[in-house]
Protein chains: 2
Amino acid sequence: MIEFPYLNEICMETGSKIVMLVVDGLGGLPDPTTGKSELETAHLPNLDKLAQISEAGVTTPVLPGITPGSGPGHMALFGYDPIKYLVGRGACESLGVDIQLGPNAVAARANFCTLDSEGKIIDRRASRIDSDKAIALVDMLGGIQGSANASVEVHHVQSYRFVLVLRGDDLGDSLADTDPQTLGDQPLQAVPKNPQDGYAFRTAQVVNAFVNQANELLANEDKANSLLLRGFSREPVDWPDFGKSYRLNPGAIAAYPMYRGLAKITGMTLLEAGDNFDTELQTLEDNYANHDYFFLHYKPADAAGEDGNFDLKVKRLEELDSQIPRILDLNPDVLVVSGDHSSPSIMASHSWHPVPLLIKSQLSMRLGVDRFTERACSLGSLGYRSAIDVMILALAHGGKLKKFGA
Amino acid sequence: MIEFPYLNEICMETGSKIVMLVVDGLGGLPDPTTGKSELETAHLPNLDKLAQISEAGVTTPVLPGITPGSGPGHMALFGYDPIKYLVGRGACESLGVDIQLGPNAVAARANFCTLDSEGKIIDRRASRIDSDKAIALVDMLGGIQGSANASVEVHHVQSYRFVLVLRGDDLGDSLADTDPQTLGDQPLQAVPKNPQDGYAFRTAQVVNAFVNQANELLANEDKANSLLLRGFSREPVDWPDFGKSYRLNPGAIAAYPMYRGLAKITGMTLLEAGDNFDTELQTLEDNYANHDYFFLHYKPADAAGEDGNFDLKVKRLEELDSQIPRILDLNPDVLVVSGDHSSPSIMASHSWHPVPLLIKSQLSMRLGVDRFTERACSLGSLGYRSAIDVMILALAHGGKLKKFGA
């Protein structure tokens, strides 16, 4: 973990290379009819073979029973205490699309959404309108003025997603989401989480004024006729720098803004990654000589799990498996494969269940794990462990840690 | 755990129901002649079948190697750090029989005992005299006056057990037990644990004066001719409320005062439970609609284990097993079965050994555990884990926890 007090004394720069492949939403649960999870159902010859020559285990991202969002799930794998280093979605996504925030900005993640004639939400993603359409709408909303004490900006992210950024000296970020996350309800007013919080109260007024004007401008749209906000947050300050703490030169390869933002918050170098795993792997290959640690993010498994599509999640895992040889061809000294959390298709959501983990290096004890599945890995030599331990183990396997104490 | 700082944000009320069955002293150790533990010896068709469709594991109540009393064992299962939230036996038993304590009371658990002619203890439980006899003796002791600064009260609990309650503004509760817990020794004088503690010193004087007068009044009794005191303690203040913390409406079903007291300390609603497991189950059935969490306590396995009676503990476990269908017939969304600690018959005492645990819900990974035994469960999908994690896992399995972080 990044707060081990002697980290600076024991970490050393070496020529060895670590690739950490984070398979978003990796873990699953058995289909009640077959009794097999997505990983158990999928044909994964490369990952299974890898598990056989690796240390295997399962990770708990935050605490047993706690379902992590993407932020805590990733921070834990990077070795940060995910409870202490909690960042909001607004700041993450903004940083992920290269918006400068700084100390006086508060950002929220925004979705275009569809309301019915009674103002009730019928689609939280506005039929996933394409980026061209969304960019035009964001441009229109860009004309909305803020208040005397706070400016407002909107920036497009991807498809139906954008961010709202407020800037001012007296803002608060402790605001509840306007997104009720359920269909059939009206969007909520922005309110302070704590009614006594005057900063958040004034910020909520600016937000609500913005939303009212936006609704007028969007009124005639058939799909994107309103917006939902969540994850009001500031850019974290004074967090430990990943590269300096571990004495690594880290490169982050992630197509999606949220994960780019998380990497940026830790101080990793963001590499241009394209928009899919194939372009991400091309980035890894092209930049392999330039860094000694790579965070490599695979998104499609989580998307399928969150949509409750068991068969598609199986397919996404098989597609990942088919690309594993491209990573192995680079012959990294340490290859870590794990996930930020589970996303069982039968739950159609993130979950708290332990996540498979493997660490391949020349320094593995191994324990006869034959498959890369939840149940097989739980019996591996790494057993059940906190995700916060993974980075230190990766450094150790890379020969990057000196002896602690005499 | 009840101290997870974001608990209030992630807990939500739902209609799902959790039943937590605490089998007191559940775990055991192998009989040296058969090599099988009590659970391995018993015929437990219902619990075994349950284990096969549940998540299974084993819990460490406090820390590896630490043998818990009933208090820490239960507090951990309720999600309270058992080291921080340590309560004395006197306060627990008093609260369990509905005695109001409040901030200025110090309570001790008392046993009638039998001394020989030299004043040495020959029976720590006075031949387990019945309640009628004990109530008469307690009434007699009720006539004893306290000091100018402290009143004394005695209240019968059950059989040979009662409580001594002192009330006053300058009392201390840091007193050593007068019960040496061995036969052949004389009862000890009450003394402060710390010789510098003036509050405890003055309280010890009141206690010793009471004991001297009690001994005079009991001198002609053939069985109950003296008393032993232990667990001097106050009622805890400012402890987290179980129901408010987890957003549950908890009902506690326990026949024995100690466990009723523990539940009361956490703020659970105490349900009238009768005096055996059959009446406890009747209470569960009658009140099932009224609560969303039930603490259900089964005592007989521990009593047999503590008596060193291997065969009787096997029988008590089989009796429990035969009642499991009554719980399953209620179809709780989450059923937790575990114990507060192990009580191996070959040790005739509590022990530190990990305690079997199962959690049944629709969201189980499962791991082919075929029996509800110490060894089988240790290979289950929950593995070895701290008992403090159990409540959060139960909430997660009940769908009562929102995602943590973006």
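Here the structure is a predicted model, which is why all the values come from computation and not from measurement.

A.B. asks: Tell me about the overall build of chain A, and please be specific about residues and values.
C.D. replies: The number of helices and strands found in chain A is 14 helices and 13 strands. Principal axes of the C-alpha set define a box for chain A whose edges measure 60 × 55 × 40 Å. Relative to its 406 residues, chain A shows a buried fraction of 52%. Taking the intrachain contacts of chain A between residues at least 6 apart in sequence as the baseline, contacts between residues at least 24 apart amount to 71%.

A.B. asks: Any chance you could break down the sheet that holds strand S10 (residues 293-298) of chain B for me, citing the residues and the numbers?
C.D. replies: Residue and element names in this part refer to chain B. Strand order across the open sheet formed by 8 strands is S9-S8-S10-S1-S11-S12-S2-S13, with mixed pairing between neighbours. Looking at the sheet topology across the chains shown, the edges are occupied by strand S9 (269-270) and strand S13 (383-386). Across 4 bridges, strand S2 (residues 55-60) lies against S13 in parallel orientation. From the neighbouring strand, Thr-59 faces S13, where its bridge partner is Arg-385.

A.B. asks: Tell me about the interface of chain A and chain B, residues and numbers included.
C.D. replies: If you look at the interface, chain A gives 27 residues, while chain B gives 18 residues. For the side of chain A that touches chain B, the secondary structure elements donating two or more residues are helix H4 (70-77), helix H5 (89-96), helix H13 (374-378) and strand S13 (383-386) of chain A.

A.B. asks: Explain the relation of the copies chain A and chain B to me, and be specific about the residues and the numbers.
C.D. replies: It takes a turn of 122° to lay chain A on chain B, together with a shift of 0.3 Å along the axis; the resulting RMSD is 0.1 Å. Taken together, the turn and the small shift mark the pair as related by a three-fold rotation axis. A share of only 4% of the interface residues of chain A reappears at the interface of chain B, consistent with the copies meeting through non-equivalent patches.

A.B. asks: Any chance you could break down the nonpolar core for me, citing the residues and the numbers?
C.D. replies: Ranked by size, the top nonpolar core spans 243 residues in total, and within it Met-20 of chain A together with Met-20 of chain B carry the most contacts. Residues in contact with Met-20 of chain A, not counting those within four places in the same chain, are Leu-77, Phe-294, Phe-295, Leu-296, Val-336 and Ala-394 of chain A.

A.B. asks: Go over the pairing of strand S6 (residues 161-167) of chain A with me, naming the residues and quoting the values.
C.D. replies: All names here are of chain A. The buried fraction of S6 amounts to 5 of the 7 residues, a majority that puts the element mostly inside the structure. In the sheet, strand S3 (residues 105-115) pairs with S6 via 7 bridges, with the strands oriented antiparallel. Its bridge partner lying in S6, Asn-111 is registered against Arg-161. Relative to S6, strand S5 (residues 151-158) runs antiparallel, the two sharing 7 bridges. By the bridge assignment, His-155 is partnered in S6 with Val-163. Between S5 and S6, which pair antiparallel and follow one another directly, the connecting turn spans 2 residues, one of which, Ser-159, has a positive phi of 50°.

A.B. asks: How would you sum up the sheet that holds strand S2 (residues 55-60) of chain A? Please name residues and give values.
C.D. replies: Within a sheet, neighbouring strands are paired by backbone hydrogen bonds and run either parallel or antiparallel to one another. Residue and element names in this part refer to chain A. Ordered in space as S9-S8-S10-S1-S11-S12-S2-S13, the 8 strands form an open sheet in which the pairing is mixed. The two strands at the open ends of the sheet, each matched to only one other strand, are strand S9 (269-270) and S13. Against the sheet, helix H14 (residues 390-397) engages strand S1 (18-23), S2, strand S11 (334-338) and strand S12 (355-360), with an angle of about 160° to S11.

A.B. asks: Lay out the environment of Phe-78 of chain B with the relevant residues and their values.
C.D. replies: Residue and element names in this part refer to chain B. Secondary-structure assignment places Phe-78 in the loop between helix H4 (70-77) and helix H5 (89-96). Accessibility expressed as a C-beta count within 10 Å gives 27 for Phe-78, which makes it buried. Put simply, Phe-78 and Thr-266 are 188 residues apart on the chain and 8.5 Å apart in space, counted from C-alpha to C-alpha. When neighbours within four sequence positions are excluded, Phe-78 is seen to be in contact with Phe-242, Thr-266 and Met-391.

A.B. asks: Give a description of the pairing of S12 of chain A that names residues and reports values.
C.D. replies: Residues and elements named next belong to chain A. Burial analysis of S12 places 6 of its 6 residues in the buried class, the great majority of the element. With burial as the criterion, each face of S12 is covered, one bearing Val-355, Leu-357 and Ile-359 and the other bearing Pro-356, Leu-358 and Lys-360. Sheet analysis places S2 next to S12, joined by 5 bridges and oriented antiparallel. When the bridges of S12 are listed, Ala-56 appears paired with Leu-358. Where S11 meets S12, 3 bridges bridge the pair, whose relative direction is antiparallel. Opposite Val-337, over in S12, you have Leu-358 as the bridge partner.

A.B. asks: Could you give an account of helix H6 (residues 131-141) of chain B, naming the residues involved and the relevant values?
C.D. replies: Three or four residues apart is the spacing at which side chains of an α-helix point the same way, because the helix has 3.6 residues per turn. Residues and elements named next belong to chain B. Three or more residues of H6 are buried, namely Ala-134, Leu-137 and Leu-141. For H6, the arc enclosing every buried residue in end-on projection is 65°, short of the 170-degree limit, so these residues lie on one face. Seen from the buried face of H6, the exposed residues on the opposite side, beyond 90 degrees, are Asp-132, Ile-135, Ala-136 and Asp-139. Elements in contact with the buried residues of H6: strand S3 (105-115), strand S5 (151-158), strand S6 (161-167) and helix H7 (198-218).

A.B. asks: Tell me about the domain arrangement of chain A, and please be specific about residues and values.
C.D. replies: Many descriptions give the size of an interface as the accessible area lost when the pieces come together. Residues and elements named next belong to chain A. When its domains are assigned, chain A resolves into domain 1 (7-85 + 240-397) and domain 2 (92-233). Once you take the C-alpha centre of each, domain 1 and domain 2 turn out to be 32 Å apart. Taken together, the 8 residues of domain 1 in the interface contact 8 residues of domain 2. When residues of the side of domain 1 that touches domain 2 are assigned to their parent elements, the largest contribution, 7 residues, is made by helix H9 (residues 257-265). Of the residues assigned to the side of domain 1 that touches domain 2, the class counts are 4 nonpolar, 2 polar and 2 charged.

Thresholds applied
Every chain is numbered on its own, with residues counted from 1 as its sequence reads. Working convention: letters from A go to chains and numbers from 1 go to ligands, in the order in which they are written. Under the rules for a predicted model, residues below a pLDDT of 70 receive no local features and side-chain atom pairs below 80 are neither given nor counted, while totals for whole chains, interfaces and linings still include all residues. A run of H or I in DSSP counts as a helix once it spans at least four residues, and a run of E counts as a strand once it spans at least two, with each numbered from the N terminus. Exposure criterion: with C-beta atoms placed from backbone coordinates, a residue whose C-beta has 20 or more other C-beta atoms within 10 Å is buried, one with 12 or fewer is exposed, and one in between is partly exposed. Contact definition: two residues whose C-beta atoms, as placed from backbone geometry, lie within 7 Å. The rule for pairing is simple: two strands pair if DSSP sees at least two bridges between them. Alignment of copies: least-squares fit on C-alpha atoms of residues with pLDDT of at least 70 in both copies. What we call a nonpolar core is a set of buried Ala, Val, Leu, Ile, Met, Phe, Trp, Tyr and Cys residues whose membership is set by joining through C-beta atoms within 7 Å. Geometry is summarised by axes, namely lines fitted to C-alpha atoms with helices restricted to the contacting stretch, and by angles between N-to-C directions that run from 0 to 180 degrees. Directions are taken from the helix axis to each C-beta atom, and the arc is the one they span. Segmentation into domains, and thus their bounds, comes from an automatic or database assignment. The nonpolar class holds Ala, Val, Leu, Ile, Met, Phe, Trp, Tyr, Cys and Pro. Asp, Glu, Lys and Arg form the charged class, and all remaining residues, Gly among them, are polar.

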